[in-house]
Structures are given as C-alpha cells and as structure tokens.
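# Commentary on secondary and tertiary structure
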Amino acid sequence: MADDIPITRNVVPPQRAEGIRQRVRKMKRLGQGEDASRLARLDDAAGLLALLSDPAVHAPIYSLPRPLTLEAVQGFIGRHLEEHDRGEGLLLVREQNGRIMGYSDFQIWPHWAAGELGGALHPSQHSKGQGTRGATQSFGWMFEALDLDLLCMTASMENTPTQRLLDGLGFARMGCVISTRPDGATRESLVWEMTRQAWQGRSPADT
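A brief structural summary. Quick caveat, the model's predicted, so the values are computed rather than measured.

Bridge analysis of strand S7 (residues 172-180) against strand S8 (residues 186-195) gives eight bridges, and the strand direction is antiparallel. Bridge pairing in S8 links Val177 to Ser189.

Scanning all chains against the criterion turns up zero disulfides. As a non-bridged cysteine, Cys152 has Cys176 as the owner of its nearest cysteine sulfur, 12 Å distant. In this structure Cys152 comes out as buried when scored by relative accessible area, which is 0%. Under the relative-accessibility criterion, Cys176 is labelled partly exposed at 41%.

Another point: the pattern of salt bridges. Counting across every chain of the model gives twelve salt bridges. Between Arg25 and Glu18 there is a salt bridge whose closest N-O contact spans 3.2 Å. By relative accessible area, which is 29% here, Arg25 ends up partly exposed. What makes Glu18 partly exposed here is its relative accessible area of 32%.

About the thresholds
- Residues numbered from 1 in each chain as written.
- Predicted model: local features only at pLDDT ≥ 70, side-chain atom pairs only at ≥ 80, totals over all residues.
- Heavy atoms only, no water.
- Pairing = 2+ DSSP bridges.
- Helix = DSSP H or I, 4+ residues; strand = E, 2+ residues; numbered from the N terminus.
- Disulfide = S-S within 2.5 Å.
- Buried < 20%, exposed > 50% of the residue type's maximum accessible area, 1.4 Å probe, protein only.
- Salt bridge = Lys/Arg side-chain N within 4 Å of Asp/Glu carboxyl O.

Spatial relationships are all this shows, so hold off on functional conclusions.
Put into structure tokens, the structure is as follows:
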C-alpha cells in the first residue's frame, strides 16, 4: 500500500469520523440486479482466487497478496472483514451464474472523510461499459452512502484503461507516489483525487 495517500488530508471532528465508521460497518451490499455486489465471505476464497489467477486481472493491482494462493486469498478476505468491523474498509464481490466475476476493494480513512476504491472485473466483462458504469456508481455511493468528502485513486504507469477512466470522470491528477505490495515489492503509482463538491458539480455529459 502507499503511505502517502491521500495527498489532501483534512481532519474531521471525531463524531463525524465515528459516523463514517458506523456507515461502513452497516454496508453489506451495493447495487441492484445483475450488477449488485455483496460483502465477501471467507468461503469465497476459491472463487476469488479463480478470478485473480488470470494475469489480466491481477497484474496491474499492487494491493493483492503475492504469491496468489488459496491461503493468501483467505487472509486477504479475513483482513478486509477485520477492516469492515473497524469501519475502515470493505471487500465486495459480484457473482454471475455462481462464479465471482469481479471484486471491489474500498479503503476508508474515517478521520479524513476520505476513501480509495480498487478492484477488477473478469476479462470477459471488459469493453462492455461495465467498468465505467460500476466505477461511477461506486464513486457516487462512496460520497453519499459513506459520507466521504474526498476520493483518492491510484494506478500504475502502464494501466492506461484506469488512467483514461479517471481522467474522463474529471478526477484531478495529483502526482506520483511509491506503492508497496504485500510482498515488499514497490512500484510508482499515479494519483488522482476528487472532492464531493467537484463530483456533484459535474455536468450531465460527465455522468
């Protein structure tokens, strides 16, 4: 993970921070119908491993455990369940016909009213607009349902699809940070931020 994000850090009152923690703890599901996601469980480890084992899925994502094993993915889910209990994170999975076809990883900093979203879709779901639609829905949900003031996003230098997505949605480029994977390997990551005010002020064409 990167210790230097978010770039913008505005400390909120303790009561506000606790309110954000409570909102995160209550969250079990996001969305409706086929695009709905639910809180990941420990027994999702095998299905999530099957998704993550594809290099097209795991290669751009620095926050995933290395090497990818069933035990490592179980630990990944377990750590997120602990974060959920603390009101500091969520790991959601999306299923289709009994297979996990995507996941969303929410990192929340309640004391800054800020959050980061990571995740991926199965390659079969690419180029269908689902990534952009899902990200837009998730960003709006983070501001409204979780009461956040700021979103901070990162992407590798090679991850041009995410770069295009964030630039297209109006996120502001904030520079670069060094991100560290769980195995200690590092990479340079581009950083974007979006405030709640800027998100709400986007034109209809942006949405």
